[in-house]
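# Structural overview for review
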Amino acid sequence: MSALRFNELRGEEVVYAIHRQDRTFLPDREHCPLDPTRPGGPQTEIPFPAFEIAVFDNRFPAFEPPGGAAEVIVYSDRHDGSFATLSDARAEALMWVWRHRYEELGARDDVDYVMIFENRGVEVGVTLHHPHGQVYGYPFVPPVLERELAADERLGGCASCELLRRELHDRERVLFEGDRVVAYVPFASRWAYEAHVVLREHRASLLDCDGADLRELSASLQTLVRGYDALFDRPFPYVMVVHQAPTIGDRESGGHVHVEFYPPLRTPDKLKFLAGSEQGAGTFISDTLPEETAVALREAIARAA
Ligand SMILES: [Zn+2]
Ligand SMILES: [Zn+2]
Ligand SMILES: [Zn+2]
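The notes below deal with the structure included here. (Residues numbered from 1 in each chain as written. Chains lettered and ligands numbered in written order. Predicted model: local features only at pLDDT ≥ 70, side-chain atom pairs only at ≥ 80, totals over all residues. Heavy atoms only, no water.)

### What to know about the coordination of the zinc ion (ligand 3)
Note the cut-off: Donor atoms: N, O and S within 2.8 Å of the metal, or within 3.2 Å for Na, K and Ca. Because water is excluded, sites can look incomplete. Sites are called tetrahedral only when four donors show all angles between 85 and 135 degrees, square planar or octahedral only when four or six donors show opposite pairs over 155 degrees and all other angles between 65 and 115, and irregular in any remaining case. Strands are runs of DSSP state E lasting at least two residues, helices are runs of H or I lasting at least four, and both sets are numbered from the N terminus onward. Per-residue accessibility, obtained with a 1.4 Å probe over protein chains only, is compared with the maximum for each type, and a residue is labelled buried under 20%, exposed over 50%, and partly exposed between these values.
Around the zinc ion (ligand 3), the protein contributes the donor atoms Glu-148 (OE), His-243 (ND1), His-258 (NE2) and Glu-260 (OE), which lie 1.8 to 2.0 Å from the metal centre. Bound by 4 donor atoms, the zinc ion (ligand 3) shows angles of 100 to 129° at the metal and therefore tetrahedral coordination geometry. Counting the intervening residues between successive donors of the zinc ion (ligand 3) yields the motif E-x94-H-x14-H-x1-E. Residue His-243 is found in strand 10 (residues 238-243), and its partner Glu-260 is found in strand 11 (residues 258-262); the two are separated by 17 residues along the sequence. The class of His-243 is buried, set by a relative accessible area of 2%.

Pasting the structure below:
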């Protein structure tokens, strides 16, 4: 069982999941636990010879009932590839899986916040290369989301709606836009190639999204990650996080579906490290301007199209 301790100085929870030390670390190609279980082959996490998208409880969970949830979402039974290389139909189906996990986990009393995310690349600590993401059901509302809810208060309404309005007005950092979804590098991005993919209309959660919303969301996410891979002509590491409304029953809670990407690369071979100022002061120092990286990213997206 993992345990929570409240860090008073930071005002935040820390999770101790010490069993995770034993988790599978970059197994060789023949022993991938996210592959299907093929006849005569080794038993994997997924007891089927083929599958489209698989969801199961993380065997090395940071959270588990009655103190939250941790799940793995495998995007494909094919080991090679990435979110960027999924077919349109599979990426769209993944959006419905996300929606379903949000609904089911969010309905639980021990889950106050459902966070869907993907870590991609060894640069962000990936231990399995097979294309997959994760879902954490937090038994509390984590600090980043509390800050977004505080931004709603500060801006006197939905912060995502207001920031989208500003980005569409400035235009400089907009990467692309469709009828329902807009992608931009935020005005005050923390990472050089950070990007946010936002529903144009206010949608508190994926449950408020219709089929057309989800279709355009999946297409937009793929457009962005294909652009990322084209940017430095190499698989581009990132952390991808879906932010939406908390799932606390009685609380009148804010939230607006958006997907944030935090890529650690600032050049083809240089990583941004979180060091003195970022760790000790919580203040990011960037050596590129969002307007400049948006230009480079727009060009990469055009090259990848
Ligand atoms: Zn695999
Ligand atoms: Zn909104
Ligand atoms: Zn956010």
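Don't stop here, the text continues.
### Side note on the coordination of the zinc ion (ligand 2)
Looking at the zinc ion (ligand 2), the protein donor atoms are Cys-158 (SG), Cys-161 (SG), His-202 (ND1) and His-256 (ND1), and they sit 2.0 to 2.3 Å from it. Taken in chain order, the donor set of the zinc ion (ligand 2) reads C-x2-C-x40-H-x53-H. By relative accessible area, Cys-161 is classed as partly exposed at 29%.

### Quick word on the nonpolar core
Applied cut-off: Among the buried residues, those of types Ala, Val, Leu, Ile, Met, Phe, Trp, Tyr and Cys that are joined through side-chain atoms within 4.5 Å form a nonpolar core. In what follows, residue pairs with any heavy atoms lying within 4.5 Å of each other are defined as contacts.
Within the largest apolar cluster, 52 residues are counted, with the highest numbers of intra-cluster contacts made by Phe-83, Trp-98, Leu-175, Tyr-228 and Phe-261. Ranked by the residues each element gives to this core, the list is headed by helix 4 (residues 211-231), at 8 residues. The residues contacting Leu-175, other than those within four sequence positions of it, are Ala-183, Tyr-184, Val-185, Ala-195, Leu-224, Ala-294, Leu-297, Arg-298 and Ile-301. One finds Phe-63, Ala-70, Phe-140 and Tyr-262 within the second-largest nonpolar core, a separate group that totals 16 residues.

### Description of the packing of aromatic side chains
Condition: The aromatic pairing rule takes the rings of Phe, Tyr and Trp, using the six-membered ring of Trp, and pairs them if the centres are within 6.5 Å, calling planes under 30 degrees apart stacked, those over 60 edge-to-face and the rest tilted.
Scanning the model with the defined rule gives 15 aromatic pairs in all. With a centroid separation of 5.5 Å and an interplanar angle of 70°, the aromatic rings of Trp-191 and Phe-284 are classed as edge-to-face. Placement of Trp-191 in the loop between strand 8 (181-184) and strand 9 (195-199) and of Phe-284 in the loop between helix 5 (276-281) and helix 6 (290-304) is noted, with a sequence separation of 93 residues between them. Among the aromatic residues, those joined into a cluster by ring pairs are Tyr-193, Tyr-228, Phe-232, Phe-236, Tyr-238 and Phe-261.

### A closer look at the pattern of salt bridges
Stated formally: Salt bridge, as applied in this entry: a Lys or Arg side-chain nitrogen positioned within 4 Å of an Asp or Glu carboxyl oxygen.
Counted under the stated rule, the structure contains 19 salt bridges. One salt bridge connects Glu-45 with Arg-59, and the closest N-O pair in it is separated by 2.6 Å. Highlighted residues: Glu-45 in the loop between strand 2 (12-16) and strand 3 (54-57) and Arg-59 in the loop between strand 3 and strand 4 (69-74), separated in sequence by 14 residues. Taking relative accessible area as the criterion, Glu-45 reaches 24% and is therefore assigned partly exposed.

### Remarks on the sheet that holds strand 8
To keep it simple, the criterion reads: When DSSP finds at least two bridges between two strands, those strands are taken to pair. Axis angles are defined between N-to-C directions and span 0 to 180 degrees, where every axis is a line fitted to C-alpha atoms and, for a helix, only to the segment in contact.
In space, the 9 strands of this open sheet follow the order 3-4-6-5-10-11-9-8-7, with antiparallel pairing throughout. Only two strands of the sheet have a single partner each, and these edge strands are strand 3 and strand 7 (174-177). Within the sheet, the average angular offset between the axes of one strand and its neighbour, ignoring direction, is 20°. Two elements, strand 10 and strand 11, share 5 bridges in a ladder whose sense is antiparallel. Residue Val-241 lies in a different strand from strand 11, and its bridge partner there is Glu-260. Contacts from helix 3 (residues 159-170) reach strand 7, strand 8, strand 9 and strand 11 within the one sheet, and its direction differs from that of strand 8 by about 70°.

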